[in-house]
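# Architecture at a glance
Listed below, chain by chain, are the residues.
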Amino acid sequence: MKKIYMNENFKHFLHGGDYNPDQWQNYPEVLKEDMRLFKLANCNSMSVGIFAWAALEPEEGKYDFTFLDKAMDDIYANGGRVILATPSGARPAWMAQKYPEVLRVDETRHRRWFGGRHNHCFTSPIYREKVAKINGLLAERYKDHPALIAWHVSNEYSGACHCDLCRDAFRGWLKEKYGTLDELNDQWWTPFWSHIYTDWSQIDPTSPMGECTMSGLFVDWRRFITDQTVDFFKNEIAPLRKYTPNIPVTTNLMGFFPGLDYRKFAKELDFVSHDSYPTWRGDESDIRLASDHAARFDLNRSLKHKPFIQMECTPSNVNHHAYNKLKRPGMHMLAAMQLLAHGSDSVLYFQWRKSRGSTEKFHGAVVDHVGHENTRVFRDVSEVGARLKKLDESILGTVTESRVAIVYDWQNRWALEKTEGFQLRDKKYMNTIHDHYFSLWKRGINVEVIGEDDDFSCYDIIIAPMLYVTSAKMIDKLEQYVKNGGTLQCTYMLGMVNENDRCHLGGFPGGKLKDVFGIWNEEIDTLYPGESNKVELDGVTYKAVDYCELIHAQGAEVLATYGEDFYAGMPAITVNNYGKGKAYYTAFRGEDDFNDKFTELLLNECGITSDFDGELPYGMTAHSRTDGENVYVFLQNYSTKPLTTSTKYTWIIADDKKEVSGEITLASYETLILSRKI
Ligand code: GAL
């Protein structure tokens, strides 16, 4: 049996969410009612103390754990468990006033005032000391409390600080990376515009006030921010590891969030946790939205190649979108089951109860201001909780097997964002990742979202769209992958620069990639919006939009050529046999119809199919988990209309153990969880 649990001592899907008893200390009747409602909503866990520093330490060195002691005891007494937060996501006013260095300095070198959240300096020794102290007190106090099942460290780390301490730390980081200024000047190509550095102290982070053109600096600054945030995180968790070595640690990540390279974070986490807030509209556009979010969930799972925890989602609306629409009836269950389908072992909410005042008072919550359980949202939540209980035994801890991976890389994204040329404002890297993913999602294929450090040999197909940055290591790994029998699809913009955004010489794609793909990319044509070229494959003509590369086949077989313009007849799609594998190159950006066609070609070539055998109409998906003996397929309908498929197998429905076979019709927003022996 292949099962991996977040905490071996609590083998249940986690259902509950962010709980703020610190805000309600003067309302004992509310706190009492919370516990009644907690059970009624079929909840079993709460994340407590996330922004509670001012309550925990009202004055410097004076601590008050009363509310937390009570919450831990009450939740446990009601059969629940606690994901205990460290409070560093926001700090008390007294601290900001007494130690201004804890506050962040912006890129114009102005120190921010007290207020808001997620805005501390990650380098400040005082902030680090204060955080370590409060975290140590929490860990020591609750280390033996039976409610404690995990640590929720800080909240949604993000942003950067430009104070003197951070700038010094950045210079130290650069020295460590490059060793000499000569090497740095060469990698960043600083002779351009006379930007040669002759002393480390001359280097400042990217800023609109100063250096904002040099892409090598920009990418390194982004890397430094990740490393400094991870370093801050390590400082946060040291006391937790000391007092509670067996309690798993996480911090809530935000999917494809551009600010931090989560692959570096993942190495320090015991499990990945994630927050997301899809803008469900209640129409057919939800189908594509579901795919884009599925990609995020797959990224979470891939970060540690095991189930993750959805730490936050809303039971209904949010308050921070431009339009905060309610989830339509049925959507909450559908979205909750989607989390499970992609490897989540929880459905946790922001938030348990609406705060009475301040900015999030109209954000969706399990308990509304009305205070009782007779609401649509409360009923929706209870239903999800009841269903999760039924699925504990079969699905909790099961894993996802995937033979297909998509490469998504943060440094590639940063370099593409900064580099000038092509489509200047937005080269659409993220859209392109999502477009490729969408074709796989529609076909019910499990996907991993991987990066340079992952083991490529686990996959039969790797798709690496717009892989503009290729380090020597990446080039080597791609080459080995194909040589050893892998099927690789790369696209326009492959292998143009190294990890410091310095161009590869000798023709694109750089280094051995020219041999792997058997091509040379001489030029890239950027089209205006609305313009297109034509590419014919298997008798069907597809549109080439945005980018058309002018490539030469140097050993590769040409599968399709351009139909128009001065490069009509030049290769548009190629394949090259290299070692035991195949390297496909698509030199242009296709639209959905082309991506679907090409994905089908790759999957057929490698004999990869969904774990569900039936045809999937548009809007119906089928993703799976397994315990090694059974496969569990989540058949879901994202359309507003009923959809029908059929199967040749006899499946057992996971919820009620009834059998189903032949034609299956799913109502709009329905999820059927089907299992069969492998
Ligand atoms: C998250 C955050 C929560 C809450 C929520 C609202 O990003 O972690 O504290 O603000 O958004 O949707």
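Being a predicted model, the structure only gives us computed values, none of them experimental.

Conventions and cut-offs
Residues numbered from 1 in each chain as written. Predicted model: local features only at pLDDT ≥ 70, side-chain atom pairs only at ≥ 80, totals over all residues. Heavy atoms only, no water. Helix = DSSP H or I, 4+ residues; strand = E, 2+ residues; numbered from the N terminus. Buried < 20%, exposed > 50% of the residue type's maximum accessible area, 1.4 Å probe, protein only. Contact = heavy atoms within 4.5 Å. Lys, Arg positive; Asp, Glu negative; His and termini not counted. Charge placed at Lys NZ, Arg CZ, Asp CG, Glu CD. Salt bridge = Lys/Arg side-chain N within 4 Å of Asp/Glu carboxyl O. Near = heavy atom within 4 Å. Polar contact = N/O pair within 3.5 Å; in protein donor to acceptor, adjacent residues only side chain to side chain. Nonpolar A, V, L, I, M, F, W, Y, C, P; charged D, E, K, R; others polar. Domains from an automatic or database assignment. Buried area = accessible area lost by both parts, 1.4 Å probe. Pairing = 2+ DSSP bridges. Axes fitted to C-alpha atoms, helices over the stretch in contact; angles between N-to-C directions. Expected span 1.5 Å × (residues − 1). Patch = residues over 30% accessible without salt bridge, like charges linked within 9 Å, V, L, I, M, F, W, Y side chains within 5 Å. Areas by Shrake-Rupley, 256 points an atom, 1.4 Å probe, with all protein chains shown as cover. Left-handed = near helix turned anticlockwise from the far one by under 90°. Core = buried A, V, L, I, M, F, W, Y, C linked by side-chain atoms within 4.5 Å.

In this section: the overall build of the protein chain. A count of helices and strands for the protein chain gives 17 helices and 25 strands. The C-alpha extent of the protein chain, read off along each of the three principal axes, is 75 × 75 × 45 Å. Buried residues in the protein chain amount to 61% of all 678 residues. Across the protein chain, the fraction of contacts at a sequence separation of at least 24, relative to all contacts at a separation of at least 6, is 72%. Here the protein chain contributes 78 positively and 95 negatively charged side chains, and the mean placements of these two sets differ by 5 Å.

This part covers the pattern of salt bridges. One pass over the full model with this rule turns up 47 salt bridges. The shortest N-O distance in the salt bridge between Glu59 and Lys62 comes to 3.9 Å. Measuring nitrogen to oxygen at the nearest pair gives 3.9 Å for the salt bridge that ties Glu284 to Lys641. Placement of the pair is Glu284 in the loop between β7 (273-275) and α10 (285-304) and Lys641 in the loop between β22 (630-637) and β23 (643-653), with a sequence separation of 357 residues. Overall, Lys641 belongs to the partly exposed group, its relative accessible area being 48%. A network of salt bridges, in which partner residues are shared, links Arg109, Asp164, Arg167, Asp168, Arg171 and Asp204.

Another point: the site of the ligand. Every residue near the ligand is listed here: Phe51, Arg117, Asn155, Glu156, Asp275, Tyr277, Glu312, His320, Phe350, Glu360 and His363. Within the contact set of the ligand, an oxygen atom lies 2.8 Å away from a side-chain nitrogen or oxygen of Arg117. Tallied by class, residues from the shell around the ligand come to three nonpolar, three polar and five charged.

Bringing the domain arrangement of the protein chain into the picture now. Split into domains, the protein chain comes out as domain 1 (14-178 + 222-395), domain 2 (404-606) and domain 3 (620-677). Put simply, the middle of domain 2 and the middle of domain 3, counted by C-alpha atoms, are 34 Å apart. Taken together, the five residues of domain 2 in the interface contact six residues of domain 3. Three residues stand out in domain 2 for area buried against domain 3, namely Trp441, Gly444 and Asn446, and they jointly supply 85% of the buried area on that side. Applying the counting rule to domain 2 against domain 3 returns two residue pairs in polar contact (both at pLDDT 80 or more). Here the residues of the side of domain 2 that touches domain 3 are counted per class, giving two nonpolar, two polar and one charged.

Along the chain, the position of His372 falls in the loop between β9 (346-349) and α12 (376-395). Separated by 149 residues in sequence, His372 and Asn521 have C-alpha atoms that sit 65 Å apart. Only 2.9 Å separates the side chain of His372 from the backbone nitrogen of Asn374, close enough to count as a polar contact.

Spatial ordering of the open sheet is given by β6-β7-β8, a layout of three strands whose pairing is parallel. Lying at the two open borders of the sheet, with one neighbouring strand each, are β6 (252-253) and β8 (309-312). Sheet topology note: the β7/β8 ladder contains three bridges and is parallel. Note on β8: the bridge partner recorded for Ser273 is Ile309. Where α10 meets the sheet, its contacts fall on β6, β7 and β8, and the angle it forms with β7 comes to roughly 160°.

Our focus in this paragraph is the sheet that holds strand β3 (residues 81-85). Read across the sheet, six strands follow the order β5-β4-β3-β2-β1-β9 without closing on themselves; strand pairing throughout is parallel. Bordering the open sheet on either side are β5 (249-250) and β9, each of which pairs with just one other strand. Here β3 runs beside strand β4 (residues 148-152); their pairing, made up of four bridges, is parallel. Residue pairing for β4: Ala85 is matched across the bridge by His152.

It helps to recall that an α-helix has 3.6 residues per turn; residues three or four apart then point in one direction. Here α10 spans 31 Å end to end across 20 residues, near enough to the 28 Å set by a 1.5 Å rise per residue. Burial runs high along α10: 17 of the 20 residues are buried. His305 sits one or two residues past α10 and shows a positive phi near 55°.

Okay, a nonpolar patch on the surface next. On the surface, a nonpolar cluster with roughly 430 Å² of combined accessible area is contributed by Trp189, Phe192 and Trp193. Positionally, Phe192 belongs in the loop between α7 (181-188) and α8 (215-243).

Residues of β9 alternate between two faces, with Ser346 and Leu348 on one and Val347 and Tyr349 on the opposite face, all of them buried. Note that strand β1 (residues 14-19) and β9 share four bridges and pair parallel. Note on β9: the bridge partner recorded for Gly16 is Leu348.

Describing two packed helices takes the angle between their axes plus the distance from one axis to the other. The contact between α10 and helix α11 (residues 331-341) brings their axes to 10 Å, and the two run at 35°. By crossing handedness, the relation of α10 to α11 is classed as right-handed. Contact with α10, carried on its side by Asp286, Ala290, Ala294 and Phe297, involves Met331, Gln338 and Leu339 of α11 and no other residues of that element. The residue makeup of the contact of α10 with α11, split by class, is five nonpolar, one polar and one charged.

The next point concerns the side chain of Arg167. Mapped onto the elements, Arg167 comes out in helix α6 (residues 164-178). Judged by relative accessible area, which is 11%, Arg167 ranks as buried. If sequence neighbours within four positions are ignored, Arg167 has contacts with Arg109, His162, Asp204 and Pro205.

As a rule of thumb, soluble globular proteins bury nonpolar side chains together. By size, the foremost hydrophobic cluster in this structure holds 190 residues, and its most contacted members are Trp151, Ile203, Trp352 and Phe517. Ignoring anything within four residues of it in the chain, the contact list for Phe517 reads Leu488, Cys490, Leu494, Ala556, Thr574, Asn576, Ala583, Tyr584 and Tyr585.

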